[in-house]
Amino acid sequence: MESRPLRYFVAVAQELNFARAAERLGIASPPLSRAIRKLEAELGVTLFERTTHSVALTPAGEVLLTEARIALDALDAAGRRARRAADPEPKLVLAVKADADAGLLDPILAGYAADPASRPVSLRLCGWGEHTRLLREGHADAALLYEPFDHTGLDAETVTTERRVAALPAAHPLARRDSLSLADVTSGPPGEVDRFVDEVAARHRVRDLPQLLKLVELGDLVTLLPESVPARYPRPGIAYRPVPDAPPAVLAVAWPQQSRSTATAALVRAATSLRGA
């Protein structure tokens, strides 16, 4: 199956209108209709229910839309990786969110540099939730990120597992305690701790860890953080308290499943070699 009919199909599936899809693709409507009918004939299924007033996806069309998006994204990503590999001085692109590496970025890069398969590293700093998109779209070769994340099309290995601490204003009544329970911080179940942390960041439009900590100092929020944060960010206005019953924070290294890069494999080895260190 060629990529062009799939791109035509996705455009129609998104627009649910052949005329608008044709305009978006820069072609006339009749050739687009013929291409979709040819695709349906090739697959032996009906992809769209057509009437004089509407266009709707069939169950087969809904499945193909999901699969086609994955296939086209993978194809585009392969092209980006190929272009980067053709660079006279190719680099390994590592996606990482600033201050979200458990303090392990430097030792990982040091271990990686000692591997014969290593190449120069270009760090791609990103925001919450951007790592996996960069990997799937071919903008990055590997990423350091905290679980949970969408593993679709990716392989991953655990780098380190950390206990969690609560970060709260130093004047907060709970700061008088030596430790807290998860119920002191959030009313949600343990399995939704990561959703709670993400929702706190989204609600306050947090861009990075320093901004998050400043909001804690100001008394605007209480949140949970990996235990590596207090040592790197001691602040008199913040009380860090252990939360023994909170699920751990898991830092992972992830990379595209289809990767055959020896440099990426070397980066993964360097990252996982620190496990338990």
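Here's what I pulled together on the structure shown here.

**So, the overall build of the protein chain**
- Secondary structure summary: the protein chain contains eleven helices and ten strands in total.
- For a compact globule of 277 residues, the expected C-alpha radius of gyration is about 19 Å, and the protein chain comes in at 24 Å, more than 25% above that figure.
- The buried share of the protein chain, reckoned over its 277 residues, is 40%.
- About 14,700 Å² of surface is accessible on the protein chain, with carbon and sulfur atoms providing 52% of the total.
- Here the protein chain contributes 34 positive and 35 negative side-chain charges, whose respective centroids are spaced 4 Å apart.

**Section: the pattern of salt bridges**
- Under the definition given, this model contains twelve salt bridges.
- With a shortest N-O distance of 3.3 Å, Arg 163 and Glu 227 are connected by a salt bridge. Linking Arg 163 in the loop between strand S6 (154-162) and strand S7 (164-169) with Glu 227 in the loop between strand S8 (223-226) and helix H10 (228-232), this pair joins segments that are 64 residues apart in sequence.
- The network of salt bridges with shared partners includes Glu 15, Arg 20 and Arg 24.

**Section: the sheet that holds strand S10 (residues 249-256)**
- Sheet architecture is open: five strands sit in the order S4-S3-S5-S10-S6, paired in mixed fashion. The open sheet terminates on both sides in strands that have one partner only, identified here as strand S4 (121-126) and S6. On average, each strand axis in the sheet is inclined to that of its neighbour by 20°, with strand direction left out of account.
- Pairing analysis gives four bridges linking strand S5 (residues 142-146) to S10, with the strands arranged antiparallel.

**A word on the side chain of Asp 141**
- Its place among the elements puts Asp 141 in the loop between helix H6 (131-136) and S5.
- The residues touching Asp 141, leaving out its near neighbours within four places in the chain, are Arg 84, Lys 91, Leu 92, Val 93, Leu 135, Ala 254, Trp 255, Pro 256 and Thr 264.

**So, the packing of aromatic side chains**
- Taken as a whole and assessed by the stated rule, the structure comprises two aromatic pairs.
- Between Phe 9 and Phe 48 the ring centres are 5.4 Å apart and the planes differ by 50°, which places this aromatic pair in the tilted class. Of this pair, Phe 9 sits in helix H1 (residues 3-15) while Phe 48 sits in strand S1 (residues 48-50), and the two are 39 residues apart along the sequence.
- Aromatic side chains Phe 18 and Phe 48 sit 6.0 Å apart centroid to centroid with 70° between the ring planes, which places their arrangement in the edge-to-face category. Pair noted here: Phe 18 is in helix H2 (residues 18-25) and Phe 48 is in strand S1, with a separation of 30 residues, a long-range link.

**A short note on helix H3 (residues 29-43)**
- With 15 residues, H3 ought to run about 21 Å at 1.5 Å a step, and its terminal C-alpha atoms sit 21 Å apart, in line with that.
- In this structure, the buried side of H3 is in contact with H1, H2, S1 and helix H4 (59-85).
- Immediately downstream of H3, the backbone of Gly 44 shows phi near 75°, a positive value.

**A closer look at the packing of H1 against H4**
- Taken N-terminus to C-terminus, the directions of H1 and H4 make an angle of 125°; their axes are 10 Å apart at the nearest point. Between H1 and H4, the interaxial angle falls into the category oblique. Both H1 and H4 take part in a crossing whose hand is left-handed. Residues Ser 3, Leu 6, Arg 7, Phe 9, Val 10, Ala 13 and Gln 14 of H1 pack against Gly 61, Leu 64, Leu 65, Ala 68, Arg 69, Leu 72, Leu 75 and Asp 76 of H4.

**Quick notes on unusual backbone geometry**
- Following Glu 147, the chain continues into Pro 148 via a peptide bond in cis, with omega recorded as -5°.
- Looking at where Pro 148 falls in the secondary structure, it is placed in the loop between S5 and S6.
- The backbone phi angle of Leu 16 is positive, close to 50°, even though this residue is not glycine.
- Mapped onto the elements, Leu 16 comes out in the loop between H1 and H2.
- In this structure, Asp 99 is a non-glycine residue whose phi angle is positive, near 70°.
- For Asp 99, the location among the structural elements is in the loop between strand S3 (92-97) and helix H5 (105-113).

The rules behind the values
- Residues numbered from 1 in each chain as written.
- Predicted model: local features only at pLDDT ≥ 70, side-chain atom pairs only at ≥ 80, totals over all residues.
- Heavy atoms only, no water.
- Helix = DSSP H or I, 4+ residues; strand = E, 2+ residues; numbered from the N terminus.
- Rg over C-alpha atoms; globule rule 2.2 N^0.38 Å.
- Buried < 20%, exposed > 50% of the residue type's maximum accessible area, 1.4 Å probe, protein only.
- Areas by Shrake-Rupley, 256 points an atom, 1.4 Å probe, with all protein chains shown as cover.
- Lys, Arg positive; Asp, Glu negative; His and termini not counted.
- Charge placed at Lys NZ, Arg CZ, Asp CG, Glu CD.
- Salt bridge = Lys/Arg side-chain N within 4 Å of Asp/Glu carboxyl O.
- Pairing = 2+ DSSP bridges.
- Axes fitted to C-alpha atoms, helices over the stretch in contact; angles between N-to-C directions.
- Contact = heavy atoms within 4.5 Å.
- Phe/Tyr/Trp six-rings, centres within 6.5 Å; stacked < 30°, edge-to-face > 60°.
- Expected span 1.5 Å × (residues − 1).
- Parallel < 35°, antiparallel > 145°, perpendicular 65-115°, else oblique.
- Left-handed = near helix turned anticlockwise from the far one by under 90°.

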